[in-house]
Each structure stands twice: as C-alpha cells, then as structure tokens.
Amino acid sequence: MKILLVKSSFYEKATGYYRKHIPLGLCYIASYLEKNDYDVSIIDGEIHELGYLEIVEKILQQEYDIIGFTVIFRNMMIPIMQVVKRLRDNGCKAHISVGGHYPSFDYDYILRNCAEIDSVLRFEGELAFCGLAKCLEKGGDIKAVPNIALRVGRQIYSNPVID
C-alpha cells in the first residue's frame, strides 16, 4: 500500500516566500506507518517550495492508495479543497483524507462541502491513519475505525475518538 502525506501551500504557484518548518505531525504519522510496513512519502509545499498547483502535478506523477493532507488552520482548507478537486478531475482514485486541528472539530462541514474528500482523521492521527490503511488494505468497514469521520451517501458518521 502506497501512502502520501501532504502539507499544502497557501499559494497557487511558488512565490519564493516560505516558512520552512518540518511538518512534525506528518513525520510522526509517517514513522508510525513505516513501523507497520507501509510505503510512505511526504510532500511539503513549503519545504519543497511548491505552490498548490505544482503539488497537484507532483502528486499525479505517481499512483497512491491513500493521500492524507494536514490542515492546521481553517484558512488552509480552501487551497487543499482546490488541490483535492484538481486531483479528482485528473483521475486520482486514491482514498483522500484530511486531518489536523481544524478538521478534528469541523469534520461535518468539510465532508458536506467537499465531496472529493473521503474521510477526516480526528485528533491523534497515528492510530487512525494506520487503522484506515489496514482497513482499506483488507477491504474492511471504515466505520469501524476509531477517530475517523466519513460520508456514506448523504450521512456523516463520526466514529468514537480514542487517545
């Protein structure tokens, strides 16, 4: 199973202005997934100096089973929604999930307003992401994975949260 973790950029194209901070949350999740024998890559729009349009191009160069986006603040959601829409418009079939501080609390809004997003990982992402990967790999029921919210038809489900 091939997994990509993404920290998007606020900018449409590379601007030359980037605050380069290691995406620590994504690194924790990547480390946990690698310990569970998953093939994980990270794209950080700021570290790699990519605008969100360039991130789309980079993602489309390979096929992934799961793509996870970190969303720390609400204002990060708009560019991520644009990236996800462009991915889907270009044939991306990966399971797309978002996680982080903002989605943990506003998962209902995200799932109702961005049909291209398959699930939201809530609160602690390591266990939730690994549970999601195992579930998708084995064809299980995502509604059984803790710390995940998802849309089934028009219904939004929020699974129990564990620490």
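Here the structure is a predicted model, which means the values were calculated and not measured. (Residues numbered from 1 in each chain as written. Predicted model: local features only at pLDDT ≥ 70, side-chain atom pairs only at ≥ 80, totals over all residues. Heavy atoms only, no water.)

**Quick notes on the packing of aromatic side chains**
- Counted under the stated rule, the structure contains one aromatic pair.
- Measuring from ring centre to ring centre gives 5.2 Å for F105 and F123, while their planes differ by 90°; the resulting arrangement is edge-to-face. Of this pair, F105 sits in helix α4 (residues 101-113) while F123 is found in the loop between β5 (119-121) and α5 (125-138), placing the two residues 18 residues apart along the sequence.
- Classification of F123 by relative accessible area gives partly exposed; the value is 36%.
- The ring centre of Y64 lies 5.6 Å from the NZ or CZ of K2, which sits over that ring.
- If you follow K143 out to its NZ or CZ, it ends over the ring of Y157, 4.6 Å from the centre. (Phe/Tyr/Trp six-rings, centres within 6.5 Å; stacked < 30°, edge-to-face > 60°. Helix = DSSP H or I, 4+ residues; strand = E, 2+ residues; numbered from the N terminus. Buried < 20%, exposed > 50% of the residue type's maximum accessible area, 1.4 Å probe, protein only. Lys NZ or Arg CZ within 6 Å of the ring centre and 35° of its normal.)

**Comments concerning the pairing of strand β6 (residues 148-152)**
- Bridge count between β5 and β6: three bridges; the pairing is antiparallel. The partner of V120 across the bridge, within β6, is A149.
- In the sheet, β6 pairs with strand β7 (residues 155-158) via four bridges, with the strands oriented antiparallel. Its bridge partner being in β7, A149 is matched across the sheet by S158.
- With antiparallel pairing between neighbouring strands as the criterion, β6 and β7 make up a hairpin whose turn holds two residues, including G153 at a positive phi of roughly 65°. (Pairing = 2+ DSSP bridges.)

**Section: the layout of surface pockets**
- Size it by volume and the largest pocket reaches roughly 500 Å³.
- Lining the largest pocket are 27 residues; nearest its centre among them are G25, T70, G99, G100 and H101.
- Secondary-structure elements contributing two or more residues to the lining of the largest pocket are β1 (2-7), α1 (24-35), β3 (66-70), β4 (95-99), α4 and α5.
- No other element matches the five residues that α1 contributes to the lining of the largest pocket.
- Looking at the lining of the largest pocket residue by residue, the classes come out as 14 nonpolar, 10 polar and three charged. (1 Å grid on protein atoms, 1.4 Å probe; cavity = no way out; pocket = protein on both sides within 12 Å on 5 of 7 lines; lining within 4 Å. Points joined across faces, edges and corners; volume = space filled by probe spheres on them. Nonpolar A, V, L, I, M, F, W, Y, C, P; charged D, E, K, R; others polar.)

**Here's the deal with the side chain of S104**
- With respect to the helices, strands and loops of the structure, S104 is situated in helix α4.
- By relative accessible area, which is 2% here, S104 ends up buried.
- Within polar-contact distance, the side chain of S104 engages the backbone nitrogen of F123 at 2.7 Å.
- Each residue touching S104, except ones within four places of it in the same chain, is listed here: L121, R122 and F123. (Polar contact = N/O pair within 3.5 Å; in protein donor to acceptor, adjacent residues only side chain to side chain. Contact = heavy atoms within 4.5 Å.)

None of the figures reported here should be taken as evidence of function without further support.
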